[in-house]
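Close look at the chain arrangement
Spelled out, the chains give:
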Amino acid sequence: MAPLGRAALLLAFGLVLYALVAGSYAAWKRRRRLAVSAQNALLAAFPATLIAAIILLVALGRRDMTFVYVWQHTSHKLPLGYALSAFWGGQEGSLMLWLLVLTGYAGLAVWLNRRSRELVAWTVPVFGLVAVFFAFMLCFVSSPFNVQPGRPDGNGMDPSLQNPYMLAHPPMLYLGYVGLTVPFAFAMGALLSGRTDERWIVATRRWTLAAWTFLGVGQLIGAHWAYVEIGWGGYYAWDPVENAALMPWLAATAFLHSVMIQEKRGMLKVWNMILVALAFNLSLFGTFLTRSGVLNSIHSFAKSSIGGWFLAFLALMITLSIVLIRWRLPSLRTKTKLESLVSREATFLYNNLLLVALCLTILWGVLYPILSQALRGNERSVSGPYYDFFLHSFGLPLLLLMGLGPLVAWRRASLRSLGKTFAIPFTVAVVTGVVLLGLGFGSSWPGLLTYTFSAFVAASIVLEFVRGRAAAGGIFRLIARNRRRYGGYIVHAAVVLLAIGVAGSSAYQTQREQVLRPGQSIEAAGYRVTYTGLTGVKGPDYDGYRALLAVSGHGERFNLNPGVNNYFIEGPANEASIYHDPRSLGDVFTKAALAGKHTTKIDLEVFVKPLVNLIWVAGFVFVAGALIAMWPDAVEQRRLAARYAAGAAPAGI
Amino acid sequence: MGWALGVAAVLAVAAVVFVARPFLRDPAPASDRLDELAPEARQRLALAEERDRALAALKELEFDHRTGKVSDEDYRAQVGPLRRRAAEVLRALEGGEQARHERVADQEQRVP
């Protein structure tokens, strides 16, 4: 099996190398058949990679310990689902997932836009270049098909990864990371071919939205995994690898907004190219952080030697992006200017500046410890307060802008119009702020401002739907006529829910920690938690214990059982126990560990986290909004097809 | 090992045939030149984009006016220039089309 896997990867490498070399030559010398041949090579690379991926999955499913990769990441006692998830649990497997998703996306995107030959001819070699790097790594640097004499059992899997959320979190992130290659490849293809019109944007609009949605959902699933599995009482710790997924998402968010200005006003062509390149390079950087072992993080499962290769490739891609944008600068410049600082496009511009500023401050927070260690030899870390400061400084104005933007007209808005449209949201926000202040929420100013701004945004979204419905003659008609706008508003509503959930569960959370004997109690935010005793637990690959907790308060009575699982191969892991209060949408989160050997005393931590469940609800609303925004619009499709038919080629999406 | 190499060889041959397909299907084409947008077509495309932008802006302005986001005064101030811009672009597109038709007809007449 392993030789076939290696051969399939070598074949994929040969095909993407051909797509790069022959594709570049064909596009340069304007050779039609060679360009189609290179395109076919890119299409054929996907089945070749898929065969290699299936072979690895079969080996993982059979726990074939002759594969070094299988031996490193699984054991015979590991349940089948988790054994298969080891595909993306290790370095070689996750590189293969990158290549698999990339060749799949590239083949589909190129095939769908095949009629736009001039643009696609240069897009194929860009896809080929990225794919060559990953295929090279898999064939010659970090192969998943290395074999060894059979061993009785493997190293197993990190207990924290043995969680159902881990079946979805990494693939979602990879679908997002890799998805950002599509707009990048088309943007660079547009620069290389000189097609700096909107064709590349039309070709990649939904791809960008899909990649952005996958990244967003992947991060939320990861946050939920951290919350229920890691057991530290939170869901986001500004871990460098968490940040690595957040940064491209922020850059892509900025792009999704600024590209609308290009479509509506023909402005910001250079800026959009920069944002696409930034989002893609940050997604590469994210993979580098996760897989190079450069960071001491729970995510850096694999310590390896691929870091140098990754850095070199990252440097190449950044250089390529800068050189191409610089080269085509004259054709990207537009004469259209911003008519007013009080207009929809101006609010989009402010939103872009804040998103990019937040993204770059996070990037500096991630880079600083690495650079500090590399240049000075001392390890310095950037902690939560740094990130919290910038989140408040940039995130709160961003939240406010989300409410302001939709209320401001394109081109320019007069003060009288603004006064009229802002009256209701402004009143709702002021009343919310004053009432909350009266209720004692002034203990956290960022929290109070988040709630107040959220009320403003929510009111502006409701107002947009109410006024739009009256003008369009029905809510479904309204949404159908402008899916991107109203899908976008639903995504904004998801961000409001997220902001309220984050503010409630962080700014207004209660935390208590105490060592307890059986029969003793602890109080937290109106809940009384009584430790009644210990009990043992046993699973297929672990044993352990649970603390029995009886909880009462706020008219509720329930039991919680936090404890520890001792995995036979992998070692101990905390198991948190959480009560979801359906009325307050908050949680009572508990974790417990024995306070010593040969004792029944436990070290108990209790967190009461108001509104935390809004964060997970936000995920569903986010997906609904994104799907509406992505849904094809037949009228628009016909309009675009007519435009490109008149120009040269019909729209292929 | 042997069967694996056999399967790999079959895969490689299939891939080579698929990649070579454009040459196998069309060994001696009349033209092997990759399509390229002529400067005139690029200009037409730019005008079509501008036309779509102008028409979308008008539609957006109408909608914002109906929903009360744009006052009557602002609407009156903006609608005129937008309509003029849309008309200019449409005229330019039509002019380009007419010139193209005349050129094609002229070329057809010259062909013996």
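Parameters and conventions
Residues numbered from 1 in each chain as written. Chains lettered and ligands numbered in written order. Predicted model: local features only at pLDDT ≥ 70, side-chain atom pairs only at ≥ 80, totals over all residues. Heavy atoms only, no water. Phe/Tyr/Trp six-rings, centres within 6.5 Å; stacked < 30°, edge-to-face > 60°. Helix = DSSP H or I, 4+ residues; strand = E, 2+ residues; numbered from the N terminus. Buried < 20%, exposed > 50% of the residue type's maximum accessible area, 1.4 Å probe, protein only. Salt bridge = Lys/Arg side-chain N within 4 Å of Asp/Glu carboxyl O. 1 Å grid on protein atoms, 1.4 Å probe; cavity = no way out; pocket = protein on both sides within 12 Å on 5 of 7 lines; lining within 4 Å. Points joined across faces, edges and corners; volume = space filled by probe spheres on them. Nonpolar A, V, L, I, M, F, W, Y, C, P; charged D, E, K, R; others polar. Contact = heavy atoms within 4.5 Å. Buried area = accessible area lost by both parts, 1.4 Å probe. Polar contact = N/O pair within 3.5 Å; in protein donor to acceptor, adjacent residues only side chain to side chain. Patch = residues over 30% accessible without salt bridge, like charges linked within 9 Å, V, L, I, M, F, W, Y side chains within 5 Å. Areas by Shrake-Rupley, 256 points an atom, 1.4 Å probe, with all protein chains shown as cover. Core = buried A, V, L, I, M, F, W, Y, C linked by side-chain atoms within 4.5 Å. Pairing = 2+ DSSP bridges. pLDDT = per-residue confidence, 0-100. Lys, Arg positive; Asp, Glu negative; His and termini not counted. Charge placed at Lys NZ, Arg CZ, Asp CG, Glu CD.

1. Let's talk about the packing of aromatic side chains
Residue and element names in this part refer to chain A. Inspection of every chain in the model, using the stated rule, returns 44 aromatic pairs over all chains. Seen from their ring centres, Phe13 and Phe136 are 6.4 Å apart, and the 50 degrees between their planes marks the pair as tilted. Of the two residues, Phe13 is situated in helix α1 (residues 2-29) and Phe136 in helix α6 (residues 117-141); the sequence distance between them amounts to 123 residues. A residue is classified by how much of its surface remains accessible, and Phe13, at 14% relative accessible area, is buried. Between Phe127 and Phe186, the aromatic rings sit 6.2 Å apart at their centres with planes inclined by 80 degrees, giving edge-to-face as the arrangement. Placement of Phe127 in helix α6 and of Phe186 in helix α8 (residues 181-193) is noted, with a sequence separation of 59 residues between them. Note on accessibility: Phe127 and Phe186 belong to one class, buried.

2. Quick look at the environment of Ala458(A)
If you trace the backbone, Ala458(A) turns up in helix α17 (residues 445-472). For Ala458(A) and Gly107(A), which are 351 residues apart along the polypeptide, the C-alpha to C-alpha distance reads 41 Å.

3. Here's the deal with the pattern of salt bridges
A complete count under the given rule lists 32 salt bridges over all chains for this structure. Arg485(A) is the partner of Glu464(A) in a salt bridge, and the nearest nitrogen-oxygen pair spans 3.9 Å. Remark: Arg485(A) occurs in helix α19 (residues 483-507) and Glu464(A) occurs in helix α17; sequence separation between them is 21 residues. The pair formed by Glu464(A) and Arg485(A) is uniform in burial state, with each residue classed as buried. With its nearest N and O atoms 3.1 Å apart, the salt bridge here joins Arg51(B) to Asp52(B). What emerges from the salt-bridge pattern is a single network uniting Arg205(A), Glu263(A), Arg484(A), Glu636(A), Arg639(A), Arg51(B) and Asp52(B).

4. Notes on the layout of surface pockets
What the second largest pocket holds in volume is close to 810 Å³. The wall of the second largest pocket is formed by 29 residues, among which Thr334(A), Thr336(A), Ala46(B), Glu50(B) and Arg53(B) lie closest to the centre. Residue contributions to the lining of the second largest pocket peak at nine residues, all from helix α2 (residues 39-66) of chain B. Classifying every residue of the lining of the second largest pocket gives six nonpolar, eight polar and 15 charged.

5. As for the interface of chain B and chain A
The interface is formed by 48 residues belonging to chain B together with 66 residues belonging to chain A. Summing both partners gives a buried area of about 4600 Å² for chain B against chain A, and 57% of it is carried by carbon and sulfur. The largest share of the area that chain B buries against chain A comes from Leu34(B), Arg53(B) and Lys69(B), three residues that together contribute 16% of it. Between the two partners, chain B and chain A, sit ten salt bridges. We note a salt bridge from Arg416(A) to Glu73(B), for which the minimum N-O separation is 3.6 Å. At the boundary of chain B and chain A, one finds 26 residue pairs in polar contact (both at pLDDT 80 or more). Where the side of chain B that touches chain A is concerned, the elements lending two or more residues are α1 (2-25), α2 and α3 (72-110) of chain B. Per-element accounting of the side of chain B that touches chain A gives the leading share, 14 residues, to α2(B).

6. Quick word on the side chain of Thr208(A)
Relative to the assigned elements, Thr208(A) resides in helix α9 (residues 199-230). In this structure the side chain of Thr208(A) is engaged in a polar contact, spanning 2.8 Å, whose partner is the backbone oxygen of Thr204(A).

7. Remarks on a nonpolar patch on the surface
All names here are of chain A. Residues Phe46, Leu50, Ile54 and Val58 make up a contiguous nonpolar surface patch of roughly 280 Å² in combined accessible area. Among the secondary structure elements, Phe46 is positioned in helix α2 (residues 32-61). Given the relative accessible area of 30%, Phe46 is considered partly exposed.

8. With respect to unusual backbone geometry
In the Ramachandran plot, Arg30(A) falls in the positive-phi region, its phi being about 60 degrees despite a non-glycine side chain. Structurally, Arg30(A) is set in the loop between α1 and α2.

9. Notes on the nonpolar core
Residues and elements named next belong to chain A. Ranked by size, the top nonpolar core spans 155 residues in total, and within it Phe127 and Trp200 carry the most contacts. The leading source of residues in this core is α6, at 16 residues. Once residues lying within four places of it in the same chain are set aside, the contact partners of Phe127 are Leu42, Leu102, Ala106, Ala109, Val110, Thr181, Val182, Ala185 and Phe186.

10. Overview of the pairing of strand β8 (residues 577-581) of chain A
Put simply, side chains in a regular strand alternate between the two faces of the sheet. Residues and elements named next belong to chain A. Alternating positions in β8 separate cleanly, Ser577, Tyr579 and Asp581 being buried on one face and Ile578 and His580 remaining unburied on the opposite face. Bridge analysis of β8 against strand β9 (residues 586-594) gives five bridges, and the strand direction is antiparallel. Residue pairing across strands places Asp581 opposite Gly586, the latter belonging to β9. Hairpin geometry of β8 and β9 is characterised by an intervening segment of four residues between the two adjacent antiparallel strands and by a positive phi of about 60 degrees at Leu585.

11. Structural notes on the confidence of the model for chain A
All names here are of chain A. Averaged over all residues, the pLDDT of chain A is 91; the fraction at 70 or higher stands at 97%. Counted against residues more than four places away or in other chains, residues 297-302, with its pLDDT under 50, gives 21 contacts. Of the regions scoring below 50 in pLDDT, residues 649-653 engages in 22 contacts with residues more than four places distant in sequence or in other chains.

12. Describing the pairing of strand β10 (residues 602-609) of chain A
Residues and elements named next belong to chain A. A large share of β10 lies buried, amounting to seven of its eight residues. Note: strand β1 (residues 510-516) against β10, seven bridges, orientation antiparallel. Note on β10: the bridge partner recorded for Thr510 is Val608. As paired strands, β9 and β10 are joined by eight bridges and run antiparallel to one another. Within the sheet, the bridge partner assigned to Val588 lies in β10 and is Val608.

13. Re a positive patch on the surface
Taken together, Arg477(A), Arg481(A), Lys59(B) and Arg66(B) make up a surface patch of like positive charges. Of all the secondary structure elements, the ones that give two or more residues to the positive patch are α18 (475-481) of chain A together with α2 of chain B. Turning to its location among the elements, Arg481(A) is positioned in helix α18.

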